[in-house]
Amino acid sequence: MKEKFNITTSTCVPLPLENVDTDQIIPARFLKATTKEGFGDNLFRDWRYDKQDNEIESFVLNNPLYSGKILVAGKNFGSGSSREHAAWAIAGYGFRIVVSSFFADIFRNNALNNFVLPVVVSDAFLAGLFESIQKDPKMEVEVNLPAQTITNKVTGASEYFDINSYKKLCLENGLDDIDFLLSNKDKIEAWENK
Amino acid sequence: MNTLFDKIWDSHVVAKVEDGPTQLYIDRLYCHEVTSPQAFAGLRARGIQVFRPEKVYCMPDHNTPTHDQDKPIEDTISKTQVDTLTKNATDFGLTHFGMMNPKNGIIHVVGPERGLTLPGMTIVCGDSHTSTHGALGTVAFGIGTSEVEMVLSSQCILQSKPKTMRISVEGKLNEGVTAKDVALYIISKVTTGGATGYFVEYAGEAIYSLSMEGRLTLCNLSIEMGARGGIIAPDDAAIEYLRNREYAPKGEEWDKAVAYWKTLKSGVDAVFDKDVLFHAEDIEPMITYGTNPGMGMGITENIPVMESVPEAGRISYAKSLEYMGLEAGQSLLGKKIDYVFLGSCTNGRIEDFRVFASLVKGKKKAADVVAWLVPGSWEVDKQIRREGLDKIFEEAGFALRQPGCSACLAMNDDKVPAGKYAVSTSNRNFEGRQGPGARTLLASPLVAAAAAVTGVITDPRKLM
C-alpha cells in the first residue's frame with residue numbers, strides 16, 4: 001500500500017453522484033474483519049451487486065468501458081462514518097487517486113494515511129472531466145504530485161491542487177505519521193511534564 | 001481567535017510541523033471493537049506498547065446483540081471482533097468494559113455518564129460520533145484507524161487545525177421540540193457537508209435551555225453536517241451533571257477542576273470564521289425524507305419539489321427519493337411505517353426513554369409496528385427500571401432490549417428488512433444503514449413514540 005507517488009497518468013472511473021457516504025463505499029456489515037485486506041471486493045457493495053450477489057450491470061464498476069487508477073466523484077465524497085475501511089476498500093480495489101470538488105474531513109485524512117491521494121478540483125473542472133469521460137471512456141488524466149497539478153488530457157484543462165508539504169513528503173517517500181510521532185517522544189514527554 | 005475551541009486546542013499543541021499538521025496531545029482515547037483491531041495489529045507489527053495505557057478506555061458496542069448478552073455471540077465474525085478487543089485490552093493493559101460488565105454500553109453514552117469525559121479535554125475515538133463529548137466542553141472528534149494507532153503509540157495525533165463556526169439558536173423552543181429536532185433543523189439548513197472543515201460551537205438561549213442529555217444529542221449530530229466536532233461551553237448544568245460521577249475528580253481535586261472548567265468559554269473578543277444564527281420559534285418537530293441527514297423537514301411540511309434542488313444535485317436527489325419510495329412534494333403525515341427504533345449514541349440516554357414513555361403511557365403500540373427500545377448502556381437500563389419506565393413500556397406493549405448500537409447501523413441482528421420504513425432516533429438515514437434496502441426516517445424520541453402508537457407518521461403534538 002505504501003507505493004510512492006510521483007506522476008500518475010490513468011483512465012478514470014466516473015461516479016457523478018453527490019454526498020457519496022462511507023456506508024455506500026463499504027456497508028457496515030463488512031466492517032467485522034480484523035485485518036485491512038479484502039475490502040476492495042466489497043467496495044460499493046450494494047450498488048455493485050444485487051441481493052443474490054449478481055453484478056448490477058448499470059453500475060459503473062461493472063461496466064467494462066470504465067477502468068483506471070482514478071475515481072472521479074461528485075461533491076462531498078466520503079461523508080458520514082469515520083471507518084477507515086472505506087479507504088482500505090478504495091485502495092484495495094486499485095484506486096490510487098480520488099478526484100472530487102469536495103471531500104469529507106475524516107475520509108480525506110484516512111485516504112492520505114493509506115496512500116490514496118484525494119484531489120480537490122473546482123466545480124467547473126469536475127463538470128468538464130465528467131463530460132470528457134462520458135465522451136471518451138478511454139480519455140486520460142494526469143495527476144502530478146510534485147507540481148500539484150491535475151490535467152484533463154483531452155481538453156488540456158489543468159488545475160493546481162492543495163496538499164500540505166508534510167503530507168506530500170509522506171506520499172512521495174512512502175512515510176507514515178507513526179514513524180514521525182515515534183521519533184518525537186521527547187517532545188511529548190516534555191509537554192506532559194510542563 | 002480566542003474561541004473556546006482555540007483555547008483547548010492551543011493548550012494541547014505539542015509541536016507544529018512546518019507547513020504541515022499540528023501534533024496534538026490527546027487526553028482520552030476511547031476504543032470500540034470495529035475500528036481498533038488493525039491499530040493494535042500495527043503496534044504488534046512495530047513491536048511497541050501502548051504509550052499511555054491509563055488514558056485509554058475500551059468497550060464493545062457495535063456488534064453486541066441486544067438479547068442474551070450472557071451467552072456467546074452467535075455470529076462468529078462478530079464474536080471474533082469482540083473477543084479481539086478483549087484480547088487487545090488484556091495484552092496491552094487497558095481498561096475494558098466487556099459485554100455484561102455493568103459499565104458496558106455505547107462508548108459515547110458511557111464516557112459522559114461515568115465521568116470519563118471532562119471539560120477541557122481532547123478526546124478521540126475511531127468513530128465519527130465522538131463529537132458527542134463536546135457537550136461537556138471538550139474538543140472531541142472522530143478519527144480513522146491509522147490515527148487510533150498514532151494515539152495508542154504516542155498519545156498524540158497529527159491534525160490540521162479546523163476553522164471555527166458558531167451556531168447560535170436564540171429564543172425559546174416550541175412545545176414538542178427536542179434537541180434532536182434542533183439538530184435536524186440546523187443540519188437541514190447548513191446541509192450535510194456545509195460545516196466540513198469547521199469545528200462548531202453551539203450557543204444561545206435555546207442551546208443552554210437544553211438538558212445535558214439534550215446537549216449530548218446535539219453535539220453527537222455535528223458530524224452529520226460535516227463538522228469536525230461540536231462544543232458547548234460548560235455551565236452550571238454541565239458541572240452538576242458531572243458531580244459524583246465515578247471517574248470525575250472528588251474533594252479538593254473537584255473544586256480545583258470546577259474552578260478551571262468555569263474559565264472554559266469563548267472570550268468576549270472571540271472571532272469565529274463563520275457565525276450562523278437561527279431562531280428557536282422557527283423549529284417544529286422534524287423528520288427526514290431522504291438518504292442523508294440534511295434531507296430533513298418540519299413534520300407538517302412537504303418534501304421539497306425537484307425545482308428547488310440545485311441542478312448539480314438533482315440526479316442524487318431523484319435517486320434518494322426513489323430509494324425511499326417517496327415523491328417530491330408529498331407530505332409524510334399519515335404515511336404507514338413498519339419499524340420504530342429508540343436508542344443509539346444519539347438518543348439512547350435516560351431522558352430519551354422518559355420522553356418516549358411520557359407519550360406512550362396509557363396507549364398501546366400499533367399492532368403491526370415492530371419496536372426496538374435499546375438503552376444506550378446498562379446504567380441507562382438500570383435507571384429506566386428505577387423510575388418504573390419499564391412498567392409503562394410493558395403496559396403499552398413495548399419490550400426493552402439489552403444495550404448496544406443495535407439497529408443504528410445493523411451490525412448485529414437488529415436489521416430492518418428491505419423496503420420497510422423505520423422511524424429511527426439514530427443518526428444516519430444513508431442507503432442500507434439499518435439493513436440492505438431499509439428506509440430510515442430520522443426523528444426525535446417523541447416523533448418515534450407517536451409513530452409507534454399510531455402506526456403512521458404523526459405529529460406528536462396532537463397526542464400530547
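Residues numbered from 1 in each chain as written. Chains lettered and ligands numbered in written order. Predicted model: local features only at pLDDT ≥ 70, side-chain atom pairs only at ≥ 80, totals over all residues. Heavy atoms only, no water.

A. The overall build of chain A, seen in detail. Across its full length, chain A carries 8 helices and 8 strands. What you see for chain A is a C-alpha radius of gyration of 18 Å, in line with the 16 Å of a compact globule of 194 residues. In chain A, which comprises 194 residues, the share counted as buried stands at 58%. Long-range contacts, defined as pairs at least 24 residues apart, comprise 64% of the intrachain contacts of chain A with a sequence gap of at least 6. In chain A, which carries 21 positive and 27 negative side-chain charges, the distance between the mean positions of the two groups comes to 2 Å. (Helix = DSSP H or I, 4+ residues; strand = E, 2+ residues; numbered from the N terminus. Rg over C-alpha atoms; globule rule 2.2 N^0.38 Å. Buried < 20%, exposed > 50% of the residue type's maximum accessible area, 1.4 Å probe, protein only. Contact = heavy atoms within 4.5 Å. Lys, Arg positive; Asp, Glu negative; His and termini not counted. Charge placed at Lys NZ, Arg CZ, Asp CG, Glu CD.)

B. Layout of helix α10 (residues 251-261) of chain B. Residues and elements named next belong to chain B. Along α10, the positions that sit buried rather than exposed are Trp 254, Ala 257, Val 258 and Trp 261. Down the axis of α10, the buried set is contained in an arc of 100°. They therefore lie on one face. More than 90 degrees from the buried face of α10, the exposed residues found are Glu 252, Asp 255 and Lys 256. On its buried face, α10 is in contact with α9 (236-242). (Arc of directions from axis to C-beta.)

C. Highlighting the side chain of Ser 36 of chain B. Along the chain, the position of Ser 36 of chain B falls in the loop between β3 (28-31) and α2 (37-46). On the basis of relative accessible area, Ser 36 of chain B is assigned to the buried category, the value being 2%.

D. Representation of the packing of aromatic side chains in the model. All chains considered together, the criterion is met by 21 aromatic pairs over all chains. Taking 5.8 Å as the distance between ring centres and 5° as the angle between the ring planes, the aromatic pair formed by Phe 44 of chain A and Trp 47 of chain A counts as stacked. Overall, Phe 44 of chain A belongs to the buried group, its relative accessible area being 1%. For the ring pair Phe 353 of chain B and Phe 393 of chain B, a centre distance of 6.3 Å and an interplane angle of 75° mean the geometry is edge-to-face. Linking Phe 353 of chain B in helix α13 (residues 350-360) with Phe 393 of chain B in helix α15 (residues 389-395), this pair joins segments that are 40 residues apart in sequence. Its relative accessible area of 0% is what places Phe 353 of chain B among the buried residues. Positioned above the aromatic ring of Phe 5 of chain A is the side chain of Arg 96 of chain A, whose terminal nitrogen or guanidinium carbon lies 4.1 Å from the ring centre. (Phe/Tyr/Trp six-rings, centres within 6.5 Å; stacked < 30°, edge-to-face > 60°. Lys NZ or Arg CZ within 6 Å of the ring centre and 35° of its normal.)

E. Focus on the pattern of salt bridges. Residue and element names in this part refer to chain B. Across all of its chains, the model carries 40 salt bridges over all chains by this definition. A salt bridge links Glu 149 to Arg 46, with the shortest nitrogen-to-oxygen separation between them at 3.1 Å. Remark: Arg 46 occurs in helix α2 and Glu 149 occurs in helix α5 (residues 145-154); sequence separation between them is 103 residues. Classification of Arg 46 by relative accessible area gives partly exposed; the value is 30%. With a shortest N-O distance of 3.5 Å, Lys 336 and Asp 338 are connected by a salt bridge. On the basis of relative accessibility, which here comes to 44%, the residue Lys 336 falls in the partly exposed class. Connected through salt bridges with shared partners, the residues Lys 103, Arg 114, Glu 246, Glu 379 and Lys 382 form a single ionic network. (Salt bridge = Lys/Arg side-chain N within 4 Å of Asp/Glu carboxyl O.)

F. Representation of the interface of chain B and chain A. In this assembly, 65 residues from chain B lie in contact with 52 residues from chain A. Across the chain B/chain A interface, buried area totals approximately 4700 Å², and carbon plus sulfur atoms make up 58% of it. When residues of chain B are sorted by the area they lose upon contact with chain A, Gln 38, Arg 46 and Phe 430 of chain B head the list and together hold 12% of the total. Summed over the shared surface of chain B and chain A, the result is 6 salt bridges. One salt bridge in this structure joins Arg 46 of chain B and Asp 176 of chain A, with 2.7 Å as the shortest N-O distance. For the pair chain B and chain A, the number of links is 27 residue pairs in polar contact (both at pLDDT 80 or more). Elements with a contribution of two residues or more to the side of chain B that touches chain A: β1 (13-16), β2 (22-25), α2, α3 (76-92), α5, β8 (156-159) and α11 (314-324) of chain B. For the side of chain B that touches chain A, the element with the most residues is α5 of chain B, which contributes 7 residues. A class-by-class count of the residues in the side of chain B that touches chain A yields 23 nonpolar, 29 polar and 13 charged. (Buried area = accessible area lost by both parts, 1.4 Å probe. Polar contact = N/O pair within 3.5 Å; in protein donor to acceptor, adjacent residues only side chain to side chain. Nonpolar A, V, L, I, M, F, W, Y, C, P; charged D, E, K, R; others polar.)

G. Expanded view of the confidence of the model for chain B. For chain B, per-residue confidence averages 97 on the pLDDT scale, and 100% of positions sit at 70 or higher. For this predicted complex, the interface score ipTM comes out at 0.94, alongside a pTM of 0.97. (pLDDT = per-residue confidence, 0-100.)

H. Main features of the sheet that holds strand β16 (residues 370-373) of chain B. All names here are of chain B. Across the sheet, which stays open at both edges, the 4 strands sit in the order β16-β15-β17-β18 with parallel pairing between neighbours. In this open sheet, the two edge strands, each paired with only one partner strand, are β16 and β18 (439-442). Taken over all neighbouring pairs, the strand axes of this sheet differ in orientation by 20° on average, direction set aside. Pairing of strand β17 (residues 421-424) with β18, which is carried by 4 bridges, proceeds in the parallel orientation. Bridge pairing in β18 links Val 423 to Leu 441. Sitting on the sheet, α11 is in contact with β17 and β18, with an inclination near 105° to β18. The sheet strands contacting α13 are β15 (339-342) and β16, and the helix crosses β15 at an angle near 140°. (Pairing = 2+ DSSP bridges. Axes fitted to C-alpha atoms, helices over the stretch in contact; angles between N-to-C directions.)

I. How the structure looks around the packing of α13 of chain B against helix α14 (residues 378-386) of chain B. Residue and element names in this part refer to chain B. Relative orientation of the contacting elements α13 and α14 amounts to 40°, with a least axis distance of 9 Å. Here α14 runs oblique to α13, going by the angle between their axes. In this structure, α13 crosses over α14, and the sense of that crossing is right-handed. Residue-level inspection shows Ile 350, Phe 353 and Arg 354 of α13 in contact with α14, the latter providing Val 380, Gln 383 and Ile 384. Partitioning the contact of α13 with α14 into residue classes produces 4 nonpolar, 1 polar and 1 charged. (Parallel < 35°, antiparallel > 145°, perpendicular 65-115°, else oblique. Left-handed = near helix turned anticlockwise from the far one by under 90°.)

J. Looking closely at the environment of Glu 311 of chain B. As for its placement among the helices and strands, Glu 311 of chain B is situated in the loop between β14 (296-298) and α11. A relative accessible area of 66% means that Glu 311 of chain B is categorised as exposed.

K. A look at the nonpolar core. Leu 15, Phe 44, Phe 77 and Leu 117 of chain A together with Phe 356 of chain B are the most contacted members of the largest nonpolar core, which has 107 residues in total. Of all the elements, helix α16 (residues 445-454) of chain B adds the most residues to this core, at 8 residues. (Core = buried A, V, L, I, M, F, W, Y, C linked by side-chain atoms within 4.5 Å.)

L. Fine view of the pairing of β1 of chain B. Residues and elements named next belong to chain B. Where β1 meets β2, 3 bridges bridge the pair, whose relative direction is antiparallel. Looking at the pairing, Lys 16 lines up with Thr 22 of β2. Here β1 folds back onto β2 in antiparallel fashion, the turn holding 5 residues, of which Asp 19 has a positive phi close to 45°.

M. Representation of the side chain of Asn 88 of chain B within the structure. Residue and element names in this part refer to chain B. Positionally, Asn 88 belongs in helix α3. Residue classification places Asn 88 among the buried residues on the basis of a relative accessible area of 2%. Separated by 2.8 Å, the side chains of Asn 88 and Arg 44 make a polar contact. Other than its neighbours up to four places away in sequence, Asn 88 contacts Pro 37, Phe 40 and Arg 44.

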